[in-house]
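# Chains, contacts and geometry: an overview
This is what each chain is made of:
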Amino acid sequence: MMQRTRDLIRALTCMAGIALLAACTAPIANLPSIPAANMADYRVQPGDELLVTIQDVEQSDRSYTVDSGGMISLPLLQEVEVAGLNLREIENRIADGYRSRNVLTNPIVSVQPGALRPFYVIGEVTAPGEFTYRQGMTVLSAISAAGGYTYRAQEGEVELVRAIDGREVRSRATEDTPILPGDRIRVYEKWF
C-alpha cells in the first residue's frame, strides 16, 4: 500500500511538472511565422505621408497625408482614394484620373513614401512606445529603437501584429524579420 501511494505521488508530481512547463511556454510558440513582406507590397493607410510628383503640373512636387477616409487631394484632380493601394497602383490611379478628366494626355506620376505610420514596441524592452518608421527596418532595429531588451526578455522571437488584407494578423517573428509601418511588436518575458 505504501509503495502504491509513493508511485501515485510521483506520477502526480510528474504530471504537475509537465503542466507547469506547458503553462510556462512562450505565448508565441503556437503562432504562425509572419509571411515575408517588403515595401513594394506595402499598402498605404490613413496617416501615411506620400511625396507626389506630377510632370507638367505646377507645384506638383508636394507631400500629401492620407486622411482618415483614405484620400489625398491633388491639384486639378480633387480627391483620390489611395488607402489600400501600393505606390505603383497609386501612380496609375492618379495618371488615370488626369487622363479621364482630359487635364493631361500623358501624365508622368511618381509617388514615393514620405513619413509613414509609426510602429510600436511593447513588453520587455527598456523604453516601450511609438517609433518613427524608416525603410529597411527589422525587428532587431525596432527593439534597438526601444532601448533594447530588458534582462527579463525572451530574446530571439517576438509577437508581431500586422494588418494584412484589412485584418490584424498575429504571428511569430525573428530578429531578422523586416517590419512595415503600423506593425506592433511585443517582446515577452522569459520564464527560465
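Residues numbered from 1 in each chain as written. Predicted model: local features only at pLDDT ≥ 70, side-chain atom pairs only at ≥ 80, totals over all residues. Heavy atoms only, no water.

Located in the positive-phi region is Gln78, a residue other than glycine, with phi close to 75 degrees. Within the secondary structure layout, Gln78 lies in strand S4 (residues 78–81). (Helix = DSSP H or I, 4+ residues; strand = E, 2+ residues; numbered from the N terminus.)

Turning our attention to the sheet that holds strand S1 (residues 49–54). The sheet built from 3 strands is open, its strands ordered S2-S1-S5 with antiparallel pairing. Each edge of the open sheet is held by one strand with a lone partner, namely strand S2 (62–65) and strand S5 (109–113). Adjacent strand axes in the sheet meet at a mean angle of 30 degrees when their direction is disregarded. Where S1 and S2 come together, 4 bridges link them in antiparallel fashion. Bridging from a neighbouring strand, Leu50 pairs with Tyr64 of S2. Across the face of the sheet, helix H2 (residues 87–100) comes into contact with S1 and S5 while running at roughly 145 degrees to S5. (Pairing = 2+ DSSP bridges. Axes fitted to C-alpha atoms, helices over the stretch in contact; angles between N-to-C directions. Contact = heavy atoms within 4.5 Å.)

Here H2 spans 20 Å end to end across 14 residues, near enough to the 20 Å set by a 1.5 Å rise per residue. Of all the residues in H2, the buried ones are Leu87, Ile90, Glu91, Ile94, Ala95, Gly97 and Tyr98. Buried residues in H2, looked at end-on, bunch into an arc of 155 degrees, giving them a common side. Looking at the packing, one finds that the buried side of H2 touches S1, strand S3 (71–74), S4 and S5. (Expected span 1.5 Å × (residues − 1). Buried < 20%, exposed > 50% of the residue type's maximum accessible area, 1.4 Å probe, protein only. Arc of directions from axis to C-beta.)

To continue, consider the pattern of salt bridges. A side chain with one charge can pair with a side chain of the opposite charge if their charged atoms come near. Enumeration over the complete set of coordinates arrives at 9 salt bridges. Here Arg170 ties to Glu159 by a salt bridge, and the two come within 2.4 Å at their closest N and O atoms. Taken together, the positions of Arg170 in strand S9 (residues 167–174) and Glu159 in strand S8 (residues 157–164) put the pair 11 residues apart, joining distant regions of the chain. Taking relative accessible area as the criterion, Glu159 reaches 6% and is therefore assigned buried. Between Glu168 and Arg184 there is a salt bridge whose closest N-O contact spans 2.9 Å. With Glu168 in strand S9 and Arg184 in strand S10 (residues 184–187), this residue pair connects regions lying 16 residues apart in the sequence. (Salt bridge = Lys/Arg side-chain N within 4 Å of Asp/Glu carboxyl O.)

What follows is about the environment of Thr138. Of note, Thr138 is situated in the loop between strand S7 (129–131) and helix H3 (139–145). Given the relative accessible area of 23%, Thr138 is considered partly exposed. When the C-alpha positions of Thr138 and Thr177 are compared, they lie 5.3 Å apart, and in sequence the two are 39 residues distant.

Time to look at the sheet that holds S7. Strand order across the open sheet formed by 5 strands is S7-S6-S10-S8-S9, with mixed pairing between neighbours. The open sheet has two edge strands, S7 and S9, and neither has a second partner. In this sheet, adjacent strand axes meet at a mean angle of 25 degrees when their direction is disregarded. By the bridge criterion, 3 bridges tie S8 to S10 in an arrangement that is antiparallel. Along S10, the bridge assignment pairs Val161 with Arg184.

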